[in-house]
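Read off the chains here:
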Amino acid sequence: QRGIISEDAEWRDFKDSDRRGGDPNRVGQKEDAGAILSTVVGRTDIGMNLSTRGVYSAEERRAERLQRANVEIRDLARKLKLKQRHAQFVIEMYKRVFDVREATDVKESNEITMKKDFNGLSVEALIGACFYWAAKKTNVARTIRDISASLTEITHRKLKNAIKRILKHKHFVLGPMKAAFKVTQPSQIVLRKANMLKLRISIGQEAAKIAEAVMLTGCMEGKPPDTIAGACLLIALEGYEGVKINDELLQAAFDAKRKTLEGRAREIKESGISNYAAALKKLESKPKKK
């Protein structure tokens, strides 16, 4: 029983001929319970789930907030001209921040501090800060000005504050991402791609050393890791006469045309890393950690 008195149409049309006789004219069609201007007496929500009735559980509301944030993250990645993998990094980082913000049973002092720090910032500021660190850690750095210009509701100052808060809790937010970030290092990429292209092991190893030297000098800061890796491979190949890679395979491996990779290779050479030997010399001059 749904508790509805009647779903039938209104019986009276209120014409002059309708004098409440025994057979008044029937007016309109059968009512749709719940439709605009329909008249329903009694409960109609029996058997309906909470979301159908417009009532959501705390868990459903939480999932909806996280989903909205993920949509915003993907949109910002496009504005900053970053790849899908960077958006995924930020989604994972923000999820950790989100869990702390939403936690209700925080007991540890460090968790209480994190919750207080993160709750004092807007969602947009935290997303922007996560992008700043994700881009920086994967060698495609975006400036605070670049990110704040792509956001609509936060100031340069608020974004800078959020970046500092993430840094304050870097072991929690960035620590678990260390392995993922490492995969995007040019030296790791070029080893994997050289193997995929079925090149000699020594070619991949030399290209990786060149890439390490490049990252040490910072001459390619802000350039995509794949492009740096491809340029380093071209430099390493110069020491191997007769070893060639066709344009299609090269572009498929590094997501860039040969002309682009050759341009980056020239920039690397101009910075003083003209070959494998020069790269080793640069790495040997690197200050050793105490």
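Just so it is clear, the structure is predicted and the values come from calculations on it, not from any experiment.

1. Some details on helix H3 (residues 109-119)
1) Next: If you check which residues of H3 are buried, you get Met114, Lys115, Asp117 and Phe118. Projected onto a plane normal to the axis of H3, the buried residues spread over an arc of 165 degrees and lie on a single side. Exposed residues pointing more than 90 degrees away from the buried face of H3 are listed as Ser109 and Lys116.
2) Next: Contacts made by the buried residues of H3 are with helix H2 (84-102), helix H4 (123-137), helix H6 (156-168) and helix H7 (170-173).

2. Structural notes on unusual backbone geometry
1) Next: Positive phi, normally seen in glycine, also occurs at Lys198, with a value near 60 degrees.
2) Next: Turning to its location among the elements, Lys198 is positioned in the loop between helix H9 (186-196) and helix H10 (201-217).
3) Next: Residue classification places Lys198 among the exposed positions, given a relative accessible area of 76%.
4) Next: Even without glycine at this site, Asp255 takes up a positive phi of about 55 degrees.
5) Next: Of note, Asp255 is situated in the loop between helix H12 (247-254) and helix H13 (258-270).

3. Examining the layout of surface pockets
1) Next: Each pocket or cavity is described by its volume, and for the largest pocket that value is around 800 Å³.
2) Next: Taken together, 23 residues line the largest pocket, and the ones lying closest to its centre are Lys136, Lys137, Asn139, Phe181 and Gln185.
3) Next: Put simply, the parts of the chain that give the lining of the largest pocket at least two residues each are H4, H7, helix H8 (178-183), H9 and H10.
4) Next: Across the lining of the largest pocket, the residue classes tally to 7 nonpolar, 8 polar and 8 charged.

4. Concerning the packing of helix H1 (residues 58-79) against H2
1) Next: At their nearest, the axes of H1 and H2 sit 10 Å apart, and the two run at 150 degrees to each other. Relative to H2, H1 is oriented so that their crossing is right-handed. Within the contact between the two elements, H1 uses Arg62, Arg65, Leu66, Ala69, Asn70, Ile73, Arg74 and Ala77 and H2 uses Gln84, Ala87, Val90, Ile91, Tyr94, Lys95, Phe98, Asp99 and Glu102.
2) Next: Class assignment of the residues belonging to the contact of H1 with H2 gives a composition of 9 nonpolar, 2 polar and 6 charged.

5. Brief notes about the packing of aromatic side chains
1) Next: In total, this model carries 2 aromatic pairs according to the counting rule given.
2) Next: A centroid spacing of 6.1 Å and a plane angle of 45 degrees characterise the contact between Tyr94 and Phe98, whose relative ring orientation is tilted. Highlighted residues: Tyr94 and Phe98, both in helix H2, separated by 4 residues, approximately one helical turn.
3) Next: Looking at Tyr94, the relative accessible area reads 2%, which means it is buried.
4) Next: Among the residues examined, Phe98 registers a relative accessible area of 3% and is labelled buried.
5) Next: Consider the rings of Tyr132 and Trp133, whose centres lie 5.2 Å apart with planes at 85 degrees: the pair is edge-to-face.

6. Side note on the environment of Asn246
1) Next: With respect to the helices, strands and loops of the structure, Asn246 is situated in the loop between helix H11 (225-237) and H12.
2) Next: By relative accessible area, Asn246 is classed as partly exposed at 42%.
3) Next: Expressed as a C-alpha distance, the spacing of Asn246 and Arg258, which sit 12 residues apart in the sequence, is 9.1 Å.
4) Next: At 3.1 Å, the side chain of Asn246 forms a polar contact with the backbone nitrogen of Glu248.

7. Concerning the nonpolar core
1) Next: By size, the foremost hydrophobic cluster in this structure holds 42 residues, and its most contacted members are Ile73, Met93, Tyr94, Phe118, Phe131 and Ile166.
2) Next: Listed by contribution, the elements that provide at least two residues to this core are H1, H2, H3, H4, helix H5 (144-150) and H6.
3) Next: By residue number, the principal contributor to this core is H4, which donates 10 residues.
4) Next: The residues contacting Tyr94, other than those within four sequence positions of it, are Leu66, Ala69, Ile73, Val123, Leu126, Ile127 and Cys130.
5) Next: Listed in part, the 34 residues of the second largest apolar core include Leu199, Ile210, Leu233 and Ala253.

8. A word on the packing of H10 against H11
1) Next: Following both chains from N to C, one finds H10 and H11 inclined at 125 degrees, their axes separated by 8 Å at the closest point. By the angle between their directions, the pair H10 and H11 is classed as oblique. Seen along the crossing, H10 lies across H11 with a hand that is right-handed. Contact residues: H10 offers Ile203, Glu206, Ala207, Ile210, Ala211, Val214 and Met215, while H11 offers Ile228, Cys232, Leu233, Ile235, Ala236 and Leu237.
2) Next: Per-class residue counts for the contact of H10 with H11 are 12 nonpolar, no polar and 1 charged.

9. Brief notes about the pattern of salt bridges
For side chains bearing opposite charge, pairing can occur when the charged atoms are close.
1) Next: Applying the stated criterion across every chain yields a total of 15 salt bridges.
2) Next: The salt bridge involving Asp247 is made with Arg258; its shortest N-O contact spans 2.4 Å. Residue Asp247 is located in helix H12, and its partner Arg258 is located in helix H13; the two are separated by 11 residues in the primary sequence.
3) Next: According to the relative accessible area criterion, Asp247 is partly exposed, its value standing at 46%.
4) Next: If you follow the salt bridges from partner to partner, you end up with Glu59, Arg62, Lys95 and Asp99 in one network.

What counts as what
All residue numbers refer to positions counted from 1 along the written sequence of the respective chain. For a predicted model such as this one, the threshold for reporting local features is a pLDDT of at least 70, and the threshold for listing and counting side-chain atom pairs is 80 or more; totals across whole chains, interfaces and linings nevertheless cover every residue. The side-chain values count all of the structure's non-hydrogen atoms but skip hydrogen atoms and water molecules. For every residue, the accessible area (1.4 Å probe, protein chains only) is compared with the maximum for its type, and the residue is labelled buried under 20%, exposed over 50%, or partly exposed between those bounds. A run of H or I in DSSP counts as a helix once it spans at least four residues, and a run of E counts as a strand once it spans at least two, with each numbered from the N terminus. In this description, the arc belongs to the directions extending from the helix axis to the C-beta atoms. Here, residues are in contact when the closest pair of their heavy atoms is within 4.5 Å. Using protein atoms alone on a 1 Å grid, points that fit a 1.4 Å probe yet trap it form a cavity, whereas open point sets bounded by protein on both sides within 12 Å along at least five of seven lines form a pocket; residues with an atom within 4 Å of a point count as lining. Grid points are joined across faces, edges and corners, and a volume is the space filled by probe spheres set on the points. Put simply, Ala, Val, Leu, Ile, Met, Phe, Trp, Tyr, Cys and Pro go in the nonpolar bin, Asp, Glu, Lys and Arg in the charged bin, and everything else, Gly too, in the polar bin. Every angle, taken between N-to-C directions, lies between 0 and 180 degrees, and every axis is a line fitted to C-alpha atoms, over only the stretch in contact when it is a helix. Should the near helix be turned counterclockwise from the far one by less than a right angle, the crossing is left-handed, whereas a clockwise turn marks it as right-handed. Stacked, tilted and edge-to-face pairs are distinguished by plane angle, under 30 degrees for stacked and over 60 for edge-to-face with tilted covering the rest, among Phe, Tyr and Trp rings (Trp via its six-membered ring) whose centres lie within 6.5 Å. By the criterion applied in these results, polar contacts are pairs of N or O atoms within 3.5 Å in which, for protein atoms, one can donate a hydrogen and the other can accept it, and in which residues neighboring in sequence qualify only through two side-chain atoms. Only buried Ala, Val, Leu, Ile, Met, Phe, Trp, Tyr and Cys residues count toward a nonpolar core, and they belong to the same one when joined by side-chain atoms within 4.5 Å. Here roughly perpendicular refers to angles of 65 to 115 degrees, roughly parallel to angles under 35, roughly antiparallel to angles over 145, and oblique to all remaining angles. Salt bridge, as used here: a side-chain nitrogen of Lys or Arg that lies within 4 Å of a carboxyl oxygen of Asp or Glu.

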